[in-house]
Amino acid sequence: MERRTARAGLRQRDPGLLRPLTAHVDASYADDDTRNELCAPAPHPHSALDWIRFFSDIQERIKRWTADPALMDWLSTCRLMGRRLPELTPEQRTALLPMFQAQKLKLEELLQQAQAVPAVN
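## Let's talk about the pattern of salt bridges
Reasoning step 1: Taken as a whole, this structure holds five salt bridges when the rule is applied.
Reasoning step 2: Here the salt bridges do not stand alone but share partners, grouping D26, D32 and R35 into one network.

## Brief notes about the environment of K106
Reasoning step 1: Mapped onto the secondary structure, K106 falls in helix α5 (residues 90–116).
Reasoning step 2: A sequence separation of 50 residues divides K106 from S56, and the C-alpha atoms of the two residues are 8.9 Å apart.

## So, helix α3 (residues 48–66)
Note on helix geometry: an α-helix contains 3.6 residues per turn, so any two residues three or four positions apart are oriented the same way.
Reasoning step 1: Compared with the 27 Å implied by 1.5 Å per residue over 19 residues, the 27 Å span of α3 between its first and last C-alpha is a close match.
Reasoning step 2: For α3, the set of buried residues is D50, F54, S56, D57, I58, Q59, R61, R64, W65 and T66.

## Some thoughts on the side chain of R61
Reasoning step 1: Within the element layout of this structure, R61 appears in helix α3.
Reasoning step 2: There is a polar contact of 3.4 Å between the side chain of R61 and the backbone oxygen of P41.

## A few points about the packing of aromatic side chains
Reasoning step 1: Under the defined criterion, the tally for this structure stands at three aromatic pairs.
Reasoning step 2: Judged by centre distance (5.3 Å) and plane angle (85°), the rings of W51 and F54 are edge-to-face. With W51 and F54 both in helix α3 and three residues apart, the pair spans about one turn of that helix.
Reasoning step 3: Judged by centre distance (6.0 Å) and plane angle (35°), the rings of W51 and F55 are tilted. Placement of the pair is W51 and F55 together in helix α3, with a separation of four residues, close to one helical turn.
Reasoning step 4: The class for F55 is partly exposed, based on a relative accessible area of 42%.
Reasoning step 5: A network of ring pairs unites the aromatic residues W51, F54 and F55 as a single cluster.

Procedures and definitions
- Residues numbered from 1 in each chain as written.
- Predicted model: local features only at pLDDT ≥ 70, side-chain atom pairs only at ≥ 80, totals over all residues.
- Heavy atoms only, no water.
- Salt bridge = Lys/Arg side-chain N within 4 Å of Asp/Glu carboxyl O.
- Helix = DSSP H or I, 4+ residues; strand = E, 2+ residues; numbered from the N terminus.
- Expected span 1.5 Å × (residues − 1).
- Buried < 20%, exposed > 50% of the residue type's maximum accessible area, 1.4 Å probe, protein only.
- Polar contact = N/O pair within 3.5 Å; in protein donor to acceptor, adjacent residues only side chain to side chain.
- Phe/Tyr/Trp six-rings, centres within 6.5 Å; stacked < 30°, edge-to-face > 60°.

Given below as structure tokens:
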């Protein structure tokens, strides 16, 4: 079976992290499902609604990444991150997840409201 990792943006405005993160995930995780989940392409916003979708995607990405202690350890030492991640215990990481979920639900609510309003040209 041929292993493939699709190239796409992983984090908006941070192309320097793309290749090292993808290479790390590809080398560290055996199955395609996990690699694709951790390196899902990030949408590139072009409109106001796209920005809401983008922040919703970021919340989901943070949730996936923080749930993986090994990936968080790698990210915390990666010099290409720009800014360092704070040192978090597994308990602190777990405590953040409900906040991310609440923010994601609010972003989804905003998207539903925006889609319910007819476009004005």
